[in-house]
Amino acid sequence: MSYGDLEIRVRALEEQARQMVRVGVVSSVDYDRGTARVVIKDDDGVITYDLPVLVGATVRDKVWSMPDMDEQVLCCFLPTGHEVGFILGSFYSQGEDGDEPAEGAGEDKRSLVFHDGTVLEYDRHGHALTVKIAHEGRIITAGTIEHKGDLKVEGDITATGSIIDSGGNTNHHSH
(Lines give C-alpha, C1' and ligand atoms only; values in the text may rest on other atoms or scores of the structure.)
Protein backbone atom coordinates (compact mmCIF):
# COMPACT_ATOMS: atom_id res chain seq x y z
CA MET A 1 0.00 0.00 0.00
CA SER A 2 1.41 3.36 -1.00
CA TYR A 3 1.58 6.43 1.20
CA GLY A 4 -1.11 8.08 -0.97
CA ASP A 5 -3.48 5.11 -0.52
CA LEU A 6 -2.90 5.16 3.24
CA GLU A 7 -3.60 8.89 3.39
CA ILE A 8 -6.87 8.42 1.49
CA ARG A 9 -7.95 5.64 3.86
CA VAL A 10 -7.09 7.70 6.95
CA ARG A 11 -9.08 10.67 5.63
CA ALA A 12 -12.05 8.38 4.92
CA LEU A 13 -11.88 7.01 8.48
CA GLU A 14 -11.66 10.52 9.91
CA GLU A 15 -14.77 11.56 7.95
CA GLN A 16 -16.62 8.44 9.05
CA ALA A 17 -15.72 9.14 12.71
CA ARG A 18 -16.83 12.77 12.32
CA GLN A 19 -20.26 11.56 11.13
CA MET A 20 -20.69 9.10 14.03
CA VAL A 21 -21.01 11.63 16.88
CA ARG A 22 -23.25 14.59 16.08
CA VAL A 23 -25.05 17.42 17.84
CA GLY A 24 -28.64 18.07 16.87
CA VAL A 25 -31.98 19.46 18.00
CA VAL A 26 -35.01 17.30 18.84
CA SER A 27 -37.75 17.72 16.24
CA SER A 28 -40.26 15.08 17.43
CA VAL A 29 -40.67 12.67 20.35
CA ASP A 30 -42.44 9.28 20.41
CA TYR A 31 -43.21 8.83 24.11
CA ASP A 32 -44.71 5.36 23.64
CA ARG A 33 -41.52 4.00 22.06
CA GLY A 34 -38.95 6.09 23.95
CA THR A 35 -37.50 7.52 20.74
CA ALA A 36 -37.01 10.91 19.14
CA ARG A 37 -36.04 12.40 15.80
CA VAL A 38 -33.24 14.94 15.59
CA VAL A 39 -32.38 17.67 13.10
CA ILE A 40 -28.64 17.68 12.38
CA LYS A 41 -28.21 21.37 11.55
CA ASP A 42 -24.61 21.21 10.33
CA ASP A 43 -25.65 18.51 7.84
CA ASP A 44 -28.09 20.60 5.77
CA GLY A 45 -30.89 20.03 8.29
CA VAL A 46 -31.05 16.27 7.84
CA ILE A 47 -33.72 14.72 10.08
CA THR A 48 -32.75 11.38 11.59
CA TYR A 49 -34.92 8.31 11.83
CA ASP A 50 -36.42 7.55 15.26
CA LEU A 51 -33.49 7.17 17.65
CA PRO A 52 -33.73 5.41 21.03
CA VAL A 53 -33.02 7.73 23.97
CA LEU A 54 -30.45 6.34 26.42
CA VAL A 55 -31.65 6.30 30.04
CA GLY A 56 -30.14 5.14 33.32
CA ALA A 57 -32.05 1.86 33.73
CA THR A 58 -34.75 -0.13 31.91
CA VAL A 59 -35.18 -3.60 33.49
CA ARG A 60 -35.62 -3.89 37.27
CA ASP A 61 -35.40 -0.17 37.94
CA LYS A 62 -36.76 2.12 35.28
CA VAL A 63 -35.74 5.68 34.49
CA TRP A 64 -38.01 7.75 32.30
CA SER A 65 -36.67 11.02 30.94
CA MET A 66 -37.31 12.08 27.37
CA PRO A 67 -35.83 15.24 25.83
CA ASP A 68 -38.09 18.18 25.11
CA MET A 69 -38.85 19.50 21.65
CA ASP A 70 -36.08 21.85 20.44
CA GLU A 71 -33.66 20.49 23.07
CA GLN A 72 -30.04 20.16 21.99
CA VAL A 73 -28.80 16.55 22.20
CA LEU A 74 -25.70 14.51 21.48
CA CYS A 75 -26.21 11.57 19.14
CA CYS A 76 -24.05 8.59 18.26
CA PHE A 77 -24.59 6.79 14.94
CA LEU A 78 -23.35 3.50 13.60
CA PRO A 79 -20.94 3.87 10.66
CA THR A 80 -23.78 3.17 8.19
CA GLY A 81 -25.23 6.70 8.52
CA HIS A 82 -28.13 8.43 10.30
CA GLU A 83 -30.41 5.40 10.04
CA VAL A 84 -29.17 3.60 13.17
CA GLY A 85 -28.05 5.44 16.26
CA PHE A 86 -28.89 6.64 19.76
CA ILE A 87 -29.52 9.88 21.61
CA LEU A 88 -26.86 9.88 24.31
CA GLY A 89 -28.39 12.79 26.21
CA SER A 90 -28.70 16.53 26.57
CA PHE A 91 -26.00 18.92 27.71
CA TYR A 92 -25.61 22.44 28.97
CA SER A 93 -24.54 24.59 26.05
CA GLN A 94 -22.43 27.70 26.24
CA GLY A 95 -23.82 29.52 23.20
CA GLU A 96 -26.07 32.59 23.04
CA ASP A 97 -29.21 30.56 23.79
CA GLY A 98 -27.43 28.13 26.11
CA ASP A 99 -28.94 26.66 29.25
CA GLU A 100 -27.35 27.02 32.63
CA PRO A 101 -27.21 24.36 35.36
CA ALA A 102 -30.00 24.42 37.95
CA GLU A 103 -29.77 27.01 40.73
CA GLY A 104 -27.96 25.60 43.74
CA ALA A 105 -26.17 22.94 41.70
CA GLY A 106 -22.99 21.74 43.32
CA GLU A 107 -20.72 18.82 44.10
CA ASP A 108 -22.96 17.27 46.77
CA LYS A 109 -26.30 18.10 45.14
CA ARG A 110 -28.50 16.19 42.77
CA SER A 111 -31.53 18.02 41.48
CA LEU A 112 -34.41 17.78 39.09
CA VAL A 113 -35.99 21.09 38.12
CA PHE A 114 -39.21 20.97 36.17
CA HIS A 115 -40.46 23.59 33.72
CA ASP A 116 -43.28 24.66 36.07
CA GLY A 117 -40.78 25.48 38.83
CA THR A 118 -41.18 22.29 40.87
CA VAL A 119 -37.83 21.17 42.32
CA LEU A 120 -36.59 17.87 43.76
CA GLU A 121 -33.15 18.26 45.32
CA TYR A 122 -31.00 15.94 47.40
CA ASP A 123 -28.01 17.21 49.36
CA ARG A 124 -25.68 14.24 49.95
CA HIS A 125 -23.58 16.15 52.47
CA GLY A 126 -26.53 17.44 54.50
CA HIS A 127 -28.60 14.26 53.99
CA ALA A 128 -31.63 16.35 53.08
CA LEU A 129 -34.26 15.85 50.42
CA THR A 130 -36.04 19.07 49.46
CA VAL A 131 -39.30 19.04 47.52
CA LYS A 132 -40.73 22.34 46.33
CA ILE A 133 -43.98 22.08 44.43
CA ALA A 134 -44.61 25.20 42.36
CA HIS A 135 -48.39 24.87 42.19
CA GLU A 136 -51.04 22.98 44.11
CA GLY A 137 -50.06 19.36 44.04
CA ARG A 138 -49.69 16.19 46.08
CA ILE A 139 -46.84 14.30 47.63
CA ILE A 140 -47.63 10.60 47.87
CA THR A 141 -45.54 8.31 50.08
CA ALA A 142 -45.82 4.88 51.67
CA GLY A 143 -43.45 5.72 54.52
CA THR A 144 -42.98 8.07 57.45
CA ILE A 145 -42.51 11.76 56.80
CA GLU A 146 -40.68 13.80 59.43
CA HIS A 147 -41.32 17.53 59.37
CA LYS A 148 -39.56 20.22 61.42
CA GLY A 149 -41.15 23.63 61.72
CA ASP A 150 -44.69 24.89 61.41
CA LEU A 151 -47.18 22.95 59.36
CA LYS A 152 -50.11 24.80 57.88
CA VAL A 153 -52.95 22.83 56.38
CA GLU A 154 -55.80 24.24 54.34
CA GLY A 155 -58.50 21.60 54.28
CA ASP A 156 -59.17 18.40 56.17
CA ILE A 157 -56.69 16.01 57.70
CA THR A 158 -57.66 12.36 57.48
CA ALA A 159 -55.83 9.80 59.58
CA THR A 160 -56.32 6.06 60.02
CA GLY A 161 -54.38 6.09 63.30
CA SER A 162 -54.01 8.39 66.29
CA ILE A 163 -53.04 12.02 66.05
CA ILE A 164 -50.88 12.84 69.07
CA ASP A 165 -49.75 16.30 70.13
CA SER A 166 -47.37 17.34 72.93
CA GLY A 167 -50.36 17.81 75.26
CA GLY A 168 -51.78 14.32 74.74
CA ASN A 169 -53.82 12.25 72.35
CA THR A 170 -56.25 14.42 70.37
CA ASN A 171 -58.53 11.41 69.83
CA HIS A 172 -59.43 11.33 73.55
CA HIS A 173 -60.08 14.94 74.45
CA SER A 174 -62.97 16.27 76.48
CA HIS A 175 -65.01 19.47 76.32
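Our subject is the structure that appears above.
The following refers to the structure shown. (Residues numbered from 1 in each chain as written. Predicted model: local features only at pLDDT ≥ 70, side-chain atom pairs only at ≥ 80, totals over all residues. Heavy atoms only, no water.)

1. A word on the state of the cysteines
This structure, assessed with the given rule, holds zero disulfides. Unpaired in terms of disulfides, cysteine 76 finds its nearest cysteine sulfur in cysteine 75, a separation of 8.9 Å. In this structure cysteine 76 comes out as partly exposed when scored by relative accessible area, which is 26%. (Disulfide = S-S within 2.5 Å. Buried < 20%, exposed > 50% of the residue type's maximum accessible area, 1.4 Å probe, protein only.)

2. Structural notes on the pairing of strand β9 (residues 128–132)
Alignment of strand β8 (residues 119–123) against β9, held across five bridges, turns out to be antiparallel. Along β9, the bridge assignment pairs leucine 120 with valine 131. Connecting the antiparallel pair β8 and β9 is a turn made up of four residues, with histidine 127 showing a positive phi of about 55 degrees. (Pairing = 2+ DSSP bridges. Helix = DSSP H or I, 4+ residues; strand = E, 2+ residues; numbered from the N terminus.)

3. Side note on the layout of surface pockets
One number sums up the size of the second largest pocket: a volume of about 680 Å³. For the second largest pocket, the lining is made up of 13 residues, of which Val131, Ile139, Ile145, His147 and Leu151 are closest to its centre. For the lining of the second largest pocket, the per-class residue count stands at six nonpolar, four polar and three charged. (1 Å grid on protein atoms, 1.4 Å probe; cavity = no way out; pocket = protein on both sides within 12 Å on 5 of 7 lines; lining within 4 Å. Points joined across faces, edges and corners; volume = space filled by probe spheres on them. Nonpolar A, V, L, I, M, F, W, Y, C, P; charged D, E, K, R; others polar.)

4. Some points on the sheet that holds β8
Pairing is antiparallel in the open sheet, where three strands are placed in the order β7-β8-β9. Every other strand in the sheet has two partners, leaving β7 (109–113) and β9 as the edge strands with one partner each. Ignoring which end each strand starts from, the neighbouring axes of this sheet average 5 degrees apart. (Axes fitted to C-alpha atoms, helices over the stretch in contact; angles between N-to-C directions.)

5. Considering the pattern of salt bridges
By the definition in use, this model includes eight salt bridges. Note that arginine 11 and glutamate 7 form a salt bridge whose closest N and O atoms lie 2.5 Å from each other. In this pair, arginine 11 and glutamate 7 both sit in helix α1 (residues 3–20), four residues apart, roughly one turn of the helix. Residue class for arginine 11 comes out exposed when judged on its relative accessible area of 52%. With relative accessibility at 29%, the residue glutamate 7 sits in the partly exposed group. In this structure, the salt-bridge partner of aspartate 50 is arginine 33, at a minimum N-O distance of 2.9 Å. Of this pair, aspartate 50 sits in the loop between β3 (46–47) and β4 (51–52) while arginine 33 sits in the loop between β1 (21–30) and β2 (35–40); the two residues are 17 residues apart in sequence, bridging distant segments of the chain. What emerges from the salt-bridge pattern is a single network uniting Asp30, Arg33, Arg37 and Asp50. (Salt bridge = Lys/Arg side-chain N within 4 Å of Asp/Glu carboxyl O.)

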